[in-house]
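# Residue-level structure breakdown
If you want the building blocks of each chain, they are given just below.
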Amino acid sequence: ERMQEREEEEEEIEDPNDEEDLGRIFAKRIRWPVRNLRYGGWLAQEVVRDLLRVFQELLSNSFFPVLQPAIRVGSTFEGWSPSESDTVYRMFVPLKPPRGHVFHLELDPVGEMPLKDSCIRVELECTCTGERLVEDMLCFLHHPKEELRRNQAPSLLSTLCTGSYLDVEKTVCWFQKFVRPAWMLGSYVHHYNMRVLPSSNTCKLQLTNNFWKIIFIEIIFGVQQGNSDIFLCSQTTETISTPSTTWPQSHIVAEAKFFSYVAREAPRDSFHLKCLQLCTHILEGTSFSAYALKTIVMHLLTSIPLSDWRRRDFLLRLLDIMQYLRQCVEEKCLNHFFFGNENVPQEVILPPNFQTAKSHNLFKDLVQDPAAHAEALREFTEL
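All figures in this text were calculated on a predicted structure; none of them were measured in a lab.

## A few points about the overall build of the protein chain
The helix and strand inventory of the protein chain stands at 13 helices and 12 strands. Per-residue burial for the protein chain yields a buried fraction of 48% across its 383 residues. When contacts within the protein chain are restricted to residue pairs at least 6 apart in sequence, those whose partners lie at least 24 apart make up 65%. Accessible surface computed for the protein chain: about 20,500 Å², of which carbon and sulfur atoms make up 49%.

Rendered as structure tokens:
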């Protein structure tokens, strides 16, 4: 409260001829209650943690994917959500193979580019002897099928797979099916009404309390690529229908880790998130995506010293962002942040081939479609 009073006193004496005060004015225009977002983020994290705890208790003797602790991802947790009205708290839940199973990620030939048809092959492994010996478990490979059917839950291959591949839609449907029983046994059942919203590749929850305060949570599933921060992910932004065994490569965890790194290293009064918020507001209604702006800001955060992102530098950094966008549009090229980029902080763990990989152009559509390029140039000129 004292901090808020101090900011209000500063705003009353602001001088619009001062660049630092102009930064304050812009920040005021795009600000909404941070306290509400923080509480919503805390609640989302606790709700998902509680659900996963109950899941583990309910399914301890089954052979479904093992749910790992959730990771906070997306613009809301990164601190730059474009608007409060469409705030969604996204939680990423990594999946590990159950006992007696192994996941094999089938990527492109060199395992580096974000293909649309990445798959997760599920194989059974022997649990009879040696290091893999599991007490009170029958080996799926070496025990008779009739004995397995009578005395043990079915394997993952028999439940959530299509052929030998983990199925996105079956996995999400399985989780959605057990959310209601888990919710009824959880800690928040008497405080919020929970509703599962329709979705085939993520689990979307709507929480409503007695005051009709609504919070949206989206649970995304994925399988880790090695020991890196890159995952094959259930979420897809493609409008074209893809097979349900498709798990696109996702960098959402790596991006969240990058912004956490910047938050630790940047000055306390850093305005890099305000810059990103304002630019996404400016570009609403255009063909330029929020993800393109996010990528540009990530590039600039590793090329401009973090000490130069304070409020006094607000307008200069806005100019840098827009000039970077203009150059990308003119050259029809915006390089993906994690491919072929030596400036990615070491705190973000990437697969070995990422730094030497050929850069991935996010503006490749402008190369292939002259009309789209002309439209992008026109939109930027208007801006």
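Still more ground to cover, so stick around.
## A few points about the pattern of salt bridges
Side chains bearing opposite charge may pair, as long as their charged atoms lie close to each other. For the coordinates displayed, the defined rule picks out 16 salt bridges. A salt bridge links E78 to K294; its shortest N-O distance comes to 3.1 Å. Of this pair, E78 sits in helix α4 (residues 74-78) while K294 sits in helix α10 (residues 290-301); the two residues are 216 residues apart in sequence, bridging distant segments of the chain. An identical accessibility class is assigned to E78 and K294; each is buried.

## Thoughts on the environment of D229
The residue D229 is located in the loop between β10 (214-224) and β11 (231-233) in this model. On the basis of relative accessibility, which here comes to 9%, the residue D229 falls in the buried class. A sequence separation of 26 residues divides D229 from E255, and the C-alpha atoms of the two residues are 8.8 Å apart. Those residues in contact with D229, other than ones at most four positions away along the chain, are V253, A254, K257, E347, V348 and I349.

## Let's talk about helix α11 (residues 314-331)
When the terminal C-alpha atoms of α11 are compared, their 26 Å separation across 18 residues agrees well with the 26 Å that a helix rising 1.5 Å per residue should span. F314, R317, L318, I321, M322, L325, C328 and V329 are the residues of α11 that are buried. Mapping the buried residues of α11 onto a view down its axis gives an arc of 135°, with all of them on the same face. In the stretch just after α11, K332 is the one whose phi turns positive, near 55°.

## Here we look at the side chain of E255
Residue position: E255 is located in helix α8 (residues 252-265). Of the residues examined, E255 reaches a relative accessible area of 5% and is grouped as buried. Of note is the side chain of E255, whose polar atom sits 2.9 Å from the side chain of K294.

## A short note on the packing of aromatic side chains
Applying the stated criterion to the full structure yields 16 aromatic pairs. Between F64 and W174, the ring centres sit 5.1 Å apart and the planes meet at 20°, which makes this aromatic pair stacked. In this pair, F64 sits in the loop between α3 (34-58) and β1 (66-67) while W174 sits in helix α7 (residues 168-184), placing the two residues 110 residues apart along the sequence. When its relative accessible area of 5% is taken as the criterion, W174 is described as buried.

## Observations regarding the packing of helix α9 (residues 272-282) against α10
Axis angle and axis distance: for two packed helices, these are the angle between their axes and the distance between the axes, and together they describe the pair. Two numbers describe how α9 lies on α10: the axes approach to 10 Å, and their chain directions differ by 150°. Of the possible angle classes, the one that applies to α9 and α10 is roughly antiparallel. Considering only the axes of α9 and α10, their crossing is right-handed. In this structure, α9 uses H272, L276, C279 and T280 to contact α10, whose residues at the interface are A290, L293, K294, V297 and L301.

## A few points about the pairing of strand β8 (residues 193-197)
Here β8 runs beside strand β9 (residues 203-208); their pairing, made up of five bridges, is antiparallel. Looking at β9, one finds that L197 is bridged to K204. Linking two consecutive strands that pair antiparallel, namely β8 and β9, is a turn of five residues.

## Notes on the confidence of the model for the protein chain
Counting all residues, the mean pLDDT for the protein chain is 86, and 84% of those residues have values of 70 or more. Note that pLDDT drops below 50 for residues 1-16; the model gives that stretch 13 contacts with residues more than four away or on any other chain.

## Looking at α9
In an α-helix, one full turn covers 3.6 residues, which means residues spaced three or four apart are oriented alike. In terms of residue burial, α9 counts as a mostly covered element, since eight of its 11 residues are buried. Within α9 the residues assigned to the buried category are H272, K274, C275, L276, Q277, L278, C279 and T280.

## A word on the packing of α10 against α11
Orientation of α10 relative to α11, taken along the N-to-C sense of each, is 115°, at an axis distance of 10 Å. α11 is crossed by α10, and the crossing has right-handed handedness. On α11, the residues touching L293, I296, V297, H299 and L300 of α10 are D320, I321, Y324 and L325. Among the residues making up the contact of α10 with α11, the classes are represented as seven nonpolar, one polar and one charged.

Conventions we followed
- Residues numbered from 1 in each chain as written.
- Predicted model: local features only at pLDDT ≥ 70, side-chain atom pairs only at ≥ 80, totals over all residues.
- Heavy atoms only, no water.
- Helix = DSSP H or I, 4+ residues; strand = E, 2+ residues; numbered from the N terminus.
- Buried < 20%, exposed > 50% of the residue type's maximum accessible area, 1.4 Å probe, protein only.
- Contact = heavy atoms within 4.5 Å.
- Areas by Shrake-Rupley, 256 points an atom, 1.4 Å probe, with all protein chains shown as cover.
- Salt bridge = Lys/Arg side-chain N within 4 Å of Asp/Glu carboxyl O.
- Expected span 1.5 Å × (residues − 1).
- Arc of directions from axis to C-beta.
- Polar contact = N/O pair within 3.5 Å; in protein donor to acceptor, adjacent residues only side chain to side chain.
- Phe/Tyr/Trp six-rings, centres within 6.5 Å; stacked < 30°, edge-to-face > 60°.
- Axes fitted to C-alpha atoms, helices over the stretch in contact; angles between N-to-C directions.
- Parallel < 35°, antiparallel > 145°, perpendicular 65-115°, else oblique.
- Left-handed = near helix turned anticlockwise from the far one by under 90°.
- Pairing = 2+ DSSP bridges.
- pLDDT = per-residue confidence, 0-100.
- Nonpolar A, V, L, I, M, F, W, Y, C, P; charged D, E, K, R; others polar.

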